[in-house]
Amino acid sequence: MRIIDLRSDTVTHPTVEMRKAIAEAEVGDDVFGEDPTVNKLEAMAAERLGKEAAVYVASGSMANLVAGLTHCQRGDEAIMGTEAHIFHNEVGSFSALGGINVRTVPNDSEGRLDPNAVEAAIRPDNIHQPRTALICLENTQNRCSGAVLDAEYTEAIGRIAHDNDAALHIDGARIFNAAVALEAPVSELVKDVDSVTFCLSKGLSCPIGSIIVGSEDYILEARRWRKMVGGSMRQVGVIAAAGLVALDNMVERLAEDHANARKLAHGLAEIPGISIDPESLPTNLVFFDVEREDRAELHAKLVERGVKGGSPDQKRWRYVTHYGITESDIDYTLETVREVFTNGG
Ligand code: TLP
């Protein structure tokens, strides 16, 4: 059966070129700093993002945790959006493992935090209160329809952070999608930022891996925290090799995923029972509302016919385009959704 897996861009498989690079990778013990492939990937990542150094970790969640632990002491506070992935989907790791208090301010529909609200949330120097050590943004902002934050906005938040002795971190799991959508160099988008995490295993199609970038000193410290959370790996060049292929070959093509997402969004907009604003979806995350009570049945029928994504028990569904989805898959998806929605769940 034809399977169209729109659940996430995390479902992407490594490309043929990645598998070849994996097979041929030169390796060493990375805890000794001796894996040449990892060293090359970290140097390339730092250079692409315009930072001094980088460290390779297993996942986006580990990257954000290690980044937070490196910026904050126990009892410090991190400000982030009400829709932040760190706040919703990382099992409360900042507070559970870092003793970091999380304070949220509302995200608007563009994925932004109001600079005045951020400033107002920063704690005064008061013995009773936690110290604001960190502000976190997310680019693209997953739950805000994959919204993109431009360099100017990020710079404004960076200024607020730095004027108040706090650091600015970006959860850039999909920062390359933002760069492609904005047609801006990724380094521009993060130039006033102290640390950025990004994922190789989403739209960039690697099987595993995320990277944290920042200053030399910051990354040196992050290596200690990575060790503490059990995240230091050994002959890890075998997976880092895929990352080198990704940074060279998989970034520009994200534009195809965005074009497919636009086509999908416009097609869904014509199907009765679906509410969607195609103009509010700048990247590869297609969010829409299913305005029907029989959504569990609709979902089951779609999955039965190979279209995976959305959720049986929620009104808001998400379909994600990625390297494994072609334009013809989008046509098939639209045809199938139209039929299932017309004939009932
Ligand atoms: N996001 C996943 C799910 O966890 C929701 C997805 O399918 O979108 N930051 C952002 C903005 C993310 O979207 C994700 C994963 C992560 C961090 C965590 O990455 P991993 O899954 O590698 O720990």
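Going by the structure above, here's the rest.
Described below are features of the structure shown in this document. Predicted model only: the values in this text are computed from it and were never measured.

## Overview of helix 3 (residues 60-71)
Next up, step 1: Taking 1.5 Å of rise per residue, the 12 residues of helix 3 would be expected to cover 16 Å, and the 17 Å separating its terminal C-alpha atoms lies within 8% of that figure.
Next up, step 2: Within helix 3, 11 of the 12 residues are buried, which leaves the element mostly enclosed by the surrounding structure.
Next up, step 3: Along helix 3, the positions that sit buried rather than exposed are G60, M62, A63, N64, L65, V66, A67, G68, L69, T70 and H71.

## Remarks on the pairing of strand 2 (residues 53-57)
Next up, step 1: Burial of strand 2 is extensive: five of the five residues sit out of reach of the surface.
Next up, step 2: Burial along strand 2 is two-sided: A53, V55 and V57 and A54 and Y56, pointing in opposite directions, are all buried.
Next up, step 3: As judged from the five bridges shared by strand 2 and strand 8 (residues 210-214), these two strands associate in the antiparallel manner. Looking at strand 8, one finds that A53 is bridged to G214.

## Some details on the sheet that holds strand 6 (residues 167-171)
Two pairing modes exist for strands in a sheet, parallel and antiparallel, and in both the strands are linked by backbone hydrogen bonds.
Next up, step 1: Spatially, seven strands are ordered 2-8-7-6-5-3-4 in an open sheet, and the strand pairing comes out mixed. The sheet is open, and its two borders are formed by strand 2 and strand 4 (101-105), each paired with just one other strand. With strand direction ignored, the average angle separating the axes of adjacent strands in the sheet is 20 degrees.
Next up, step 2: Relative to strand 6, helix 7 (residues 151-163) is tilted by about 145 degrees, and along the sheet it contacts strand 5 (132-138) and strand 6.
Next up, step 3: The strands touched by helix 10 (residues 216-228) within the sheet are strand 2, strand 7 (195-199) and strand 8, with strand 2 carrying the most contacts at an inclination of about 20 degrees.

Rules of the game
- Residues numbered from 1 in each chain as written.
- Predicted model: local features only at pLDDT ≥ 70, side-chain atom pairs only at ≥ 80, totals over all residues.
- Heavy atoms only, no water.
- Helix = DSSP H or I, 4+ residues; strand = E, 2+ residues; numbered from the N terminus.
- Expected span 1.5 Å × (residues − 1).
- Buried < 20%, exposed > 50% of the residue type's maximum accessible area, 1.4 Å probe, protein only.
- Pairing = 2+ DSSP bridges.
- Axes fitted to C-alpha atoms, helices over the stretch in contact; angles between N-to-C directions.
- Contact = heavy atoms within 4.5 Å.

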